[in-house]
Structures are given as structure tokens and as C-alpha cells.
Amino acid sequence: MGIEEYGGGQTQSDVLVVTTNDVPGYKVDRVIGEVFGLTVRSRHIGSQIGAGLKSLVGGELKGLTKTLVETRNQAMDRLVEQARARGANAVLMFRFDVTEAADVGTEVCAYGTAVVISPRP
């Protein structure tokens, strides 16, 4: 796996997503409200066994890492889609929440506050 497969982040430029409460040089014109993107993923039994064996000897679980990166990116894409559909051009205070879902998968929720921003004069 190349390094590009281990990262994520924003892939769409029409809706800015930031972890901060504001964007330098911009003002918030309108707060739309909370938006989120949610996905739940499970691994197939073969990879679970392989990960279990790998955890006995130590080291990175590359298959699980790749799956979690893909899952986070999908949750973020869904967040951006929801923000865009509600008329936002930015999401402030962006965060991820990751939890186990009933021992069958991993739930990843990307959330934040959808807003309309414009450059300060």
C-alpha cells in the first residue's frame, strides 16, 4: 500500500470542512445546523482471523487501517453531501466519532455545524 492509501481528508472543494470554530478571513452569514455522515463497516471473517494472528506478533494491521481510512472518507463525503444539500458552503467544528457497532462492525460518524460563510470585506 502506498502512503496515499493511508490518508484522507477533504476531496471536494465547494464545501469547506474545518475543525475550527471559524475560518480566518471569513464571516459566518448563516448557521444552518448540525450535519453528519454515518457509515458502518464490517470486515470479512478471513481478514478478522488474519488480524487476530497479526495482533499476536505485533505490528500494524494494514488491512484494517485501509478499511478505516476508506470508512472515514465515506463518512466525510456523506457529511459534505448533506451540508451541500442544505445550502451550506462550509462545515465548522468538524469531528469524527468512532464506535463499535454491536460487535459486528465499526460505526464512523463525521459531524459538524453547517454554515454559509463569505469573505470579510
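Please read all numbers here as calculations on a predicted model, not as lab measurements.

Chemist: Help me understand the side chain of Thr-39, please; the structure alone is not making it clear to me.
Modeler: Within the secondary structure layout, Thr-39 lies in strand 2 (residues 26–41). A relative accessible area of 6% means that Thr-39 is categorised as buried. Within the structure, Thr-39 has its side chain in polar contact with the side chain of Gln-74 (distance 2.8 Å).

Chemist: Whenever I open this one, a nonpolar patch on the surface confuses me. Can you help?
Modeler: On the surface, Phe-36, Leu-38 and Tyr-111 cluster together to form a nonpolar patch covering roughly 250 Å² of accessible area. In this structure, Tyr-111 sits in strand 4 (residues 105–119). Looking at Tyr-111, the relative accessible area reads 33%, which means it is partly exposed.

Cut-offs used in this document
Residues numbered from 1 in each chain as written. Predicted model: local features only at pLDDT ≥ 70, side-chain atom pairs only at ≥ 80, totals over all residues. Heavy atoms only, no water. Helix = DSSP H or I, 4+ residues; strand = E, 2+ residues; numbered from the N terminus. Buried < 20%, exposed > 50% of the residue type's maximum accessible area, 1.4 Å probe, protein only. Polar contact = N/O pair within 3.5 Å; in protein donor to acceptor, adjacent residues only side chain to side chain. Patch = residues over 30% accessible without salt bridge, like charges linked within 9 Å, V, L, I, M, F, W, Y side chains within 5 Å. Areas by Shrake-Rupley, 256 points an atom, 1.4 Å probe, with all protein chains shown as cover. Salt bridge = Lys/Arg side-chain N within 4 Å of Asp/Glu carboxyl O.

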